[in-house]
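Observations on the three-dimensional arrangement
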Amino acid sequence: GDAFLSVRDLYVRFATEDGVVKAVDGLSFDLERGRTLGIVGESGSGKSVTNLAVLGLHDPRNTEIRGEIVLDGQELTGAPERALEKLRGNKMAMIFQDSLTALSPYYTVGRQIAEPYRKHTGASKREAWGRAVEMLEKVGIPNAKLRVRDYPHQFSGGMRQRAMIAMALVCDPDLLIADEPTTALDVTVQAQILDLLKDLQQEFGSAIILITHDLGVVANTADDLLVMYAGRAVERGTVREVLRAPQHPYTWGLLGSMPRLNSAVDEPLSPIPGAPPSLLSPPPGCPFHPRCAHTQEVDGGRCATERPSLPYGRGAACHLAADRKRTIFIEQIKPR
Ligand code: SF4
Ligand code: MG
């Protein structure tokens, strides 16, 4: 179909003093309007890099980007900076983990919501200020009419995150990218912010990309899920499909290191042994093979030599036979 955002064979490489970092290595996905795609992986998996590429925020002096990024029919790779600038904050907007870096300490919260609105819509100062108040109300800031004059440091962490969401949504963007939007917050506030995002999506109909290292964050918020490892997508499906019957050993590891919300005792977490590979020289074959406990079950040492491909719909990039993926998960990994 005609996806609203379509990414095809994306490669992102950085030139560094130590060599070329293969940060994203052949990634494809689609996103429809009104849906939320969760992109999950450890740091260095390529999830943030991918989205900075969508936003056109990489430095062309040290970054090579290949592949296609098409947003609402418009090709973004290689688009001139001026065209991207017009899209950012307007057609696509971003929410970052740390509201203190996104909000300037020197301007009132109201001004920081009103200014981009004026810039992109040509509204008057008065109209834009009214819009800032309205947006703060929408994101649940009490006494918005008064608080709109506050500086960011006068807000709590959770309120700043709400203000940043107001800032991101003020121009009614079609695509919202939220990169670890709740990581810095405590669990209760985290849940409130995720609920808020869901509600606002209903109202604004935006497509959302939710980037996180935490499967728990996407479980209740996203529709579709892409699991990334070492610059590649290793599993995709709806959130339901992936969480109920994950097929990739890396996803099993992520699930195993997730705290159980309803467990009475503090079960020890079982983090995945080993560390992600260096992206300066990623391992041949399956990028997960140095950490994988199941390589013996694949014939001919293929894990170390042959790169598994990811099916386009539901599936995982893994050489294990389909019925083995099922039984290993059910018998050995599934939480009791
Ligand atoms: Fe493990 Fe092999 Fe599957 Fe990679 S392809 S996840 S190494 S079993
Ligand atoms: Mg990141």
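Residues numbered from 1 in each chain as written. Chains lettered and ligands numbered in written order. Predicted model: local features only at pLDDT ≥ 70, side-chain atom pairs only at ≥ 80, totals over all residues.

**Quick notes on the sheet that holds strand β2 (residues 19-31)**
Two pairing modes exist for strands in a sheet, parallel and antiparallel, and in both the strands are linked by backbone hydrogen bonds. Stated formally: For two strands to be treated as a pair, DSSP must find at least two bridges joining them. Each helix is a run of H or I in the DSSP string that is no shorter than four residues. Each strand is a run of E no shorter than two, and both are numbered from the N terminus.
A sheet is described by the order of its strands in space; here four strands give the open sequence β2-β1-β4-β5, paired in antiparallel fashion. Since the sheet does not close on itself, it has two edges, and those belong to β2 and β5 (74-75), each with one partner. As judged from the two bridges shared by strand β4 (residues 63-71) and β5, these two strands associate in the antiparallel manner. Across the sheet, residue L71 finds its bridge partner in β5, namely Q74.

**Digging into the environment of L194**
Note the cut-off: Working definition of a contact: two residues with C-beta atoms, positioned from the backbone, lying within 7 Å.
Note on placement: L194 falls in helix α8 (residues 187-204). Taking the C-alpha atoms as reference, L194 lies 27 Å from I69; in sequence the two are 125 residues apart. Setting aside its immediate chain neighbours within four residues, L194 contacts T182, V217, N220 and T221.

**Overview of the pairing of β4**
In this sheet, β4 lies alongside strand β1 (residues 5-16) in antiparallel orientation, the contact comprising eight bridges. Its bridge partner being in β4, S6 is matched across the sheet by V70. In this antiparallel pair of consecutive strands, β4 and β5, the connection spans two residues, and D72 shows a positive phi of 50 degrees.

**Considerations on the UniProt feature "domain: ABC transporter" (unreviewed entry) in the chain**
Quick note on the threshold: UniProt positions are given in the numbering used here, feature names are shortened, and annotations may be inferred rather than shown by experiment.
As recorded in UniProt, the sites labelled "domain: ABC transporter" (unreviewed entry) are residues 5-255. Span residues 5-255 is 40% helix and 27% strand, its end C-alpha atoms 28 Å apart.

**Notes on the site of ligand 1**
Note the threshold: A residue counts as near a molecule or strand when its C-beta atom, positioned from the backbone, falls within 6 Å of it. For this classification, Asp, Glu, Lys and Arg are treated as charged, while Ala, Val, Leu, Ile, Met, Phe, Trp, Tyr, Cys and Pro are nonpolar and the rest, including Gly, are polar.
Neighbouring ligand 1 are 14 residues, the closest being C286, H289, C292, C303 and C318. Here the shell around ligand 1 is composed, by residue class, of nine nonpolar, five polar and no charged.

**Some thoughts on the sheet that holds strand β11 (residues 315-316)**
The test is simple: All axes are obtained by fitting lines to C-alpha atoms, using only the stretch in contact for helices, and the reported angles, taken between N-to-C directions, cover 0 to 180 degrees.
With mixed pairing, seven strands are arranged side by side in an open sheet as β6-β7-β8-β3-β9-β10-β11. Only two strands of the sheet have a single partner each, and these edge strands are β6 (92-95) and β11. Where strand β3 (residues 36-40) and strand β9 (residues 224-229) come together, four bridges link them in parallel fashion. Of the residues in β9, the one forming a bridge with G38 is L225. The strands touched by helix α7 (residues 157-169) are β6 and β7 (175-179); relative to β6, the strand with the most contacts, the crossing angle is about 170 degrees.

**Considerations on the pairing of β7**
Heads up, the condition is: Exposed residues have 12 or fewer other C-beta atoms within 10 Å of their own C-beta, buried residues have 20 or more, and residues in between are partly exposed; the C-beta atoms are placed from the backbone. Look down the strands so they point away from you; if going from the first strand over the helix to the second traces a clockwise path, that crossover is right-handed.
Of all five residues in β7, four are buried, a share of seventy percent or more. The pairing of β6 with β7 spans four bridges and is parallel. Across the sheet, the residue bridging to M92 is L175, located in β7. Two elements, β7 and strand β8 (residues 207-212), share five bridges in a ladder whose sense is parallel. Within the sheet, the bridge partner assigned to A178 lies in β8 and is L210. Read from β7 through α8 to β8, the crossover connection turns out right-handed.

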